Amino acid sequence: MTALRGLLRGNAAVNTRTAGRWISSVAAESGFSFPASQARKGVAPRRDPGSRNVQWVFLGCPGVGKGTYASRLSRLLGVPHIATGDLVRDELATTGPLSKQLTEIVNRGQLVSDDIIIDLLSKRLEDGVAKGESGFILDGFPRTRRQAEILDGVTEIELVVNLKLREDVLLAKCLGRRICSQCGGNFNVASIDIKGENGRPGIAMPPLLPPEHCMSKLISRADDTEEVVKERLRLYYELSQPVEEFYRIRGKLLEFDLPGGIPESWPKLLRALNLDDHDEKQSAAA
Ligand code: ADP
């Protein structure tokens, strides 16, 4: 992915060519065209159910459920779900020198440098193209305006879904996150039931408990401690507004307030994405 890496270093003359190659290999096969003028707040344009290779981005605070909804949609649409946080964690699990450097950054709740994150993402996209993947749902990238500009320089993002949830719930959800150390399954032990008050709606999100055989193998992410989550949320709020604005002015931003847990939110999200009329696909992804 010379194009992404090159754009990062600002070598525009070379990059126009390499970006073109990158676009043709990763993006141009897309049968789904998404005129920016069609995008509007709240509803995505109706798309041809036969065309699968969407190029979408999921934005949202730590703990909002980007991974949960992006991975369900990726199964529904048959495109890879690429989470840069997962790419970073895969790197952390290795013993290379980069792993040590990243551990310190991630455990402080800070962002990894653009250079590193773009290298990891480029490699993942390249591997996917080699395996015949087309389209993607990106989760966790772009996180800064600069990353959004770099992405915009190499490919067309059709839709950006911005998932939203109140902050007290986000913190509880991050602290309740658990991963099965054996099967890798993601769960959440937080039980959220906040009553509505002063005109503010309540919100109920039952825990997402693991099956019995995973119970004793649950672990938490090292960066899901209260102190680190608060820092990640602070950083997210600081950096996300320019990213949201970048896509809002291009008519690509779909704002989605999560009304509750998965059973309540999933059908509403599908409706907002104009995907609600594919029942068999819904059950396949569930
Ligand atoms: P979160 O739950 O905070 O959304 P992620 O799983 O997306 O966490 O990311 C975990 C960590 O990986 C981040 O705190 C950050 O250090 C790093 N990371 C992930 N995506 C990016 C990115 N696009 N740019 C820089 N750092 C990133």
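Please refer to the structure placed before this passage.
Every value quoted in this text rests on a predicted model; they were computed, and no experiment measured them. (Residues numbered from 1 in each chain as written. Predicted model: local features only at pLDDT ≥ 70, side-chain atom pairs only at ≥ 80, totals over all residues. Heavy atoms only, no water.)

### Concerning the sheet that holds strand 5 (residues 177–180)
To be explicit about the condition: Paired strands are those between which DSSP finds at least two bridges. Comment: elements are numbered from the N terminus, with helices defined as DSSP H or I runs of at least four residues and strands as E runs of at least two.
Judged by pairing direction, the sheet is antiparallel, and its 3 strands sit side by side in the order 6-5-9 without closing on themselves. The open sheet has two edge strands with one neighbour each: strand 6 (186–188) and strand 9 (218–219). Two strands pair when backbone bridges link them, and strand 5 and strand 9 are joined in this way by 2 bridges, in the antiparallel orientation. Pairing of Ile179 across the sheet is with Ile219, part of strand 9.

### Here we look at the pattern of salt bridges
Any two side chains of opposite charge can pair, so long as their charged atoms come close to each other. Selection criterion: What makes a salt bridge here is a side-chain nitrogen of Lys or Arg within 4 Å of a carboxyl oxygen of Asp or Glu, nothing more. When accessible area is computed with a 1.4 Å probe and restricted to protein chains, residues below 20% of their type maximum are described as buried, those above 50% as exposed, and intermediate ones as partly exposed.
Here the structure, examined in full by the defined rule, presents 20 salt bridges. Linking Lys230 and Glu226 is a salt bridge whose minimum nitrogen-to-oxygen distance equals 2.9 Å. Note that Lys230 and Glu226 are positioned in helix 9 (residues 226–248) at a spacing of 4 residues, about one turn of the helix. Exposure remark for Glu226: the relative accessible area of 41% places this residue in the partly exposed category. When salt bridges that share partners are traced, they join Lys164, Glu244, Glu245, Arg248 and Glu255 into one network.

### So, the packing of aromatic side chains
Formally: Aromatic rings from Phe, Tyr and Trp, taking only the six-membered ring of Trp, are treated as a pair when their centres fall within 6.5 Å; an angle between ring planes under 30 degrees marks them as stacked, one over 60 as edge-to-face, and anything in between as tilted.
A complete count under the given rule lists 2 aromatic pairs for this structure. Taken together, a centroid distance of 6.5 Å and an interplanar angle of 75° make the contact between Tyr236 and Tyr237 edge-to-face. You can call Tyr236 buried: its relative accessible area is 12%. A relative accessible area of 33% means that Tyr237 is categorised as partly exposed.

### A closer look at the side chain of Arg232
Within the fold, Arg232 resides in helix 9. Classification of Arg232 as buried rests on a relative accessible area of 11%.

### Brief notes about empty space enclosed by the protein
Our working rule: Put simply, the grid is 1 Å and covers the protein atoms alone, a cavity is a trapped set of points that fit a 1.4 Å probe, a pocket is an open set with protein on both sides within 12 Å along at least five of seven lines, and lining residues have an atom within 4 Å of a point. Grid points are joined across faces, edges and corners, and a volume is the space filled by probe spheres set on the points. Throughout, the ten residues Ala, Val, Leu, Ile, Met, Phe, Trp, Tyr, Cys and Pro are labelled nonpolar, Asp, Glu, Lys and Arg are labelled charged, and all others, Gly among them, are labelled polar.
Within the structure shown, the criterion is met by 2 cavities of 30 Å³ or more. Considered as a void within the structure, the largest cavity measures approximately 70 Å³ in volume. Every residue lining the largest cavity is listed: Phe58, Leu59, Gly60, Lys66, Gly140, Phe141, Pro142, Arg143, Tyr236, Ser240 and Val243. Sorting the residues of the lining of the largest cavity by element identifies strand 1 (55–60) and helix 9 as the ones contributing at least two each. Taken together, the residues that form the lining of the largest cavity break down as 6 nonpolar, 3 polar and 2 charged.

### Some points on the state of the cysteines
Where we set the bar: Cysteine sulfurs are considered disulfide-paired once they come within 2.5 Å of each other.
Using the criterion set out here, one finds 0 disulfides in the structure. Cysteine Cys174 shares no disulfide, and the gap to the nearest cysteine sulfur, in Cys61, comes to 8.8 Å. For Cys174, a relative accessible area of 0% puts it in the buried group. The thiol of Cys183 is unpaired, and the distance to the nearest cysteine sulfur, on Cys180, comes to 3.7 Å. On the accessibility criterion, Cys183 (52% relative accessible area) is exposed.

### Thoughts on helix 6 (residues 114–130)
Threshold: One less than the residue count of a helix, multiplied by 1.5 Å, gives the span that helix is expected to have.
Compared with the 24 Å implied by 1.5 Å per residue over 17 residues, the 24 Å span of helix 6 between its first and last C-alpha is a close match. Within helix 6 the residues assigned to the buried category are Asp114, Ile116, Ile117, Ile118, Leu120, Leu121, Ser122, Arg124, Leu125 and Gly128. Gly132 sits one or two positions beyond helix 6 and adopts a positive phi of about 90°.

### So, the environment of Asp139
Selection rule: The contact definition used throughout considers only heavy atoms, calling two residues in contact when any of these lie within 4.5 Å. Contacts described as polar in this section are N or O atom pairs within 3.5 Å, which, within protein, must combine one atom able to donate a hydrogen with one able to accept it, while residues neighboring in sequence count only if both atoms come from side chains.
With respect to the secondary-structure elements, Asp139 resides in strand 3 (residues 136–139). Taking the C-alpha atoms as reference points, Asp139 and Ser71, separated by 68 residues in sequence, lie 9.2 Å from one another. When near neighbours in sequence (up to four residues on either side) are disregarded, Asp139 contacts Phe58, Lys66, Gly67, Ala70, His81, Ile82, Ala83 and Thr84. There is a polar contact of 3.4 Å between the side chain of Asp139 and the backbone nitrogen of Gly67.

### A word on the packing of helix 8 (residues 167–176) against helix 9
The description of two packed helices rests on the angle between their axes and on the distance between the axes. Definition in use: All axes are obtained by fitting lines to C-alpha atoms, using only the stretch in contact for helices, and the reported angles, taken between N-to-C directions, cover 0 to 180 degrees. Each angle is binned into one of four classes, with values under 35 degrees roughly parallel, values over 145 roughly antiparallel, values of 65 to 115 roughly perpendicular, and all other values oblique. By convention the crossing between two helices is left-handed if the near helix lies anticlockwise of the far one by an angle smaller than a right angle, and right-handed if it lies clockwise.
It is the contact of helix 8 with helix 9, at a shortest axis distance of 10 Å, that shows an interaxial angle of 135°. Of the possible angle classes, the one that applies to helix 8 and helix 9 is oblique. You can see that helix 8 and helix 9 cross each other, and the crossing is right-handed. Here Glu167, Leu170, Leu171, Cys174 and Leu175 of helix 8 lie close against helix 9, whose contacting residues are Glu226, Val229, Lys230, Arg232, Leu233 and Tyr237. Residue composition of the contact of helix 8 with helix 9, grouped by class: 7 nonpolar, no polar and 4 charged.

### Describing the site of the ligand
The condition that has to hold: Nearness is defined per residue: one heavy atom within 4 Å of the molecule or strand is enough. The Shrake-Rupley method, run with a 1.4 Å probe, gives the accessible areas here. Residue values count only the displayed protein chains as cover.
Close contacts around the ligand come from 18 residues, with Thr84, Arg89, Gln110, Gly140 and Arg232 the closest. Interatomic distance of 2.8 Å between a backbone N/O atom of Gly140 and a nitrogen atom of the ligand. Protein burial of the ligand: of its 550 Å² of free accessible surface, 96% is covered by the chains. The class makeup of the residues in the shell around the ligand is 7 nonpolar, 5 polar and 6 charged.

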